[in-house]
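Read off the chains here:
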Amino acid sequence: MRGTVYRVGAGPGDPDLLTLRAAKLLRQADIVFHDALVHEETLALATRARIVAVGKRCGRLSTAQRFINKQLVEAARHHAVVVRLKGGDPMLFGRAQEEIAALHQAGVTIEIVPGISAALSASADIGQSLTQRGLSRSVLFVTPRFGTGENRHEWARPASTADTVALYMASRQAAEISDGLIAAGVAPSRPAVFVENASLASRRMIATRVGDLAEAARQLGGGPALLLVGDVYQEVVAAAEIPTRDQSIQITA
């Protein structure tokens, strides 16, 4: 094999949140395989590279994972620097192990370059720590989604015991998440916040409660959204002055 595949975290969206290592590799890249949500200014750093879109979006035409694996292996045969650019952190909810296993099996050298995950950026946007003395000493990253052919997983049970929960890819399943959390013992009044387009100027934050997630999700604009749940968001929800169970108020960024 001629080249190395670098699995690079593109961060939550804002190009300014790239690591120096990520920016350096993009400038050196011969070819870049990128996710659907990578910012165009981030891709613009790869001035000498061929750019290949291999993104996946729920409910839209997507590139099959086995095809991506094959492309990465083939690219390493012909290029010295192959960048696999992933939104957020490349080792969290990004089919990482499947690509790593395929590259190792083919004898391709791979290096992982961490990035800022959406939950960390969303926390910064809100201005509320994921952890707080006396309220939260545990944080769970979880997704309620599962792929075709996969067994359903009991995501709600661990989510019900964590102090703070960050739910990825949550907006389309808001009603199911609400029902699942309540069935697992979470109070319908527990504070929650949707953060859409974290880190970007277009970000939106919708304060709500677990019992009202479906109504809150309908206020989102279709961008990537992360859901944060926990008592640490009580003041955020209170500041939004939510008057009834069926109303959620948008927070101005």
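Residues numbered from 1 in each chain as written. Predicted model: local features only at pLDDT ≥ 70, side-chain atom pairs only at ≥ 80, totals over all residues. Heavy atoms only, no water.

Some details on helix 3 (residues 65–78)
Here comes step 1: Compared with the 20 Å implied by 1.5 Å per residue over 14 residues, the 21 Å span of helix 3 between its first and last C-alpha is a close match.
Here comes step 2: Of the residues making up helix 3, those classed as buried are Gln65, Ile68, Asn69, Gln71, Leu72, Val73, Ala75 and Ala76.
Here comes step 3: Of the surrounding secondary structure, the elements contacted by the buried residues of helix 3 are strand 1 (4–9), strand 2 (31–34), strand 3 (50–53), strand 4 (81–86) and helix 4 (96–105). (Helix = DSSP H or I, 4+ residues; strand = E, 2+ residues; numbered from the N terminus. Expected span 1.5 Å × (residues − 1). Buried < 20%, exposed > 50% of the residue type's maximum accessible area, 1.4 Å probe, protein only. Contact = heavy atoms within 4.5 Å.)

Concerning the nonpolar core
One recurring pattern in soluble globular proteins is that nonpolar side chains are buried together.
Here comes step 1: In this structure, Trp155, Leu167, Ile177, Phe194 and Leu227 are the most contacted members of the largest nonpolar core, which totals 23 residues.
Here comes step 2: Mapped onto this core, the elements with two or more residues apiece are helix 6 (156–161), strand 7 (164–167), helix 7 (174–183), strand 8 (191–196), helix 8 (213–217) and strand 10 (225–230).
Here comes step 3: Every residue in contact with Leu227, bar those within four places of it in the chain, is listed here: Val165, Ala166, Leu167, Ala170, Ile177, Ala192, Val193, Phe194 and Leu213.
Here comes step 4: Core analysis: the next-biggest nonpolar cluster, separate from the first, contains 18 residues, Ala119, Tyr168, Leu226 and Leu228 among them. (Core = buried A, V, L, I, M, F, W, Y, C linked by side-chain atoms within 4.5 Å.)

Details of unusual backbone geometry
Here comes step 1: The residue Arg95 is not glycine, and still its phi comes out positive at about 55°.
Here comes step 2: Positionally, Arg95 belongs in the loop between strand 4 and helix 4.
Here comes step 3: Arg95 gets classed as partly exposed once you look at its relative accessible area, which sits at 38%.

Brief notes about the packing of aromatic side chains
Here comes step 1: In the structure shown here, the tally under the stated rule is two aromatic pairs.
Here comes step 2: Ring plane angle 55° and centroid distance 5.1 Å describe the contact between Phe93 and Tyr168, whose orientation is recorded as tilted. Highlighted residues: Phe93 in the loop between strand 4 and helix 4 and Tyr168 in the loop between strand 7 and helix 7, separated in sequence by 75 residues.
Here comes step 3: The exposure class of Tyr168 is buried, given its relative accessible area of 9%. (Phe/Tyr/Trp six-rings, centres within 6.5 Å; stacked < 30°, edge-to-face > 60°.)

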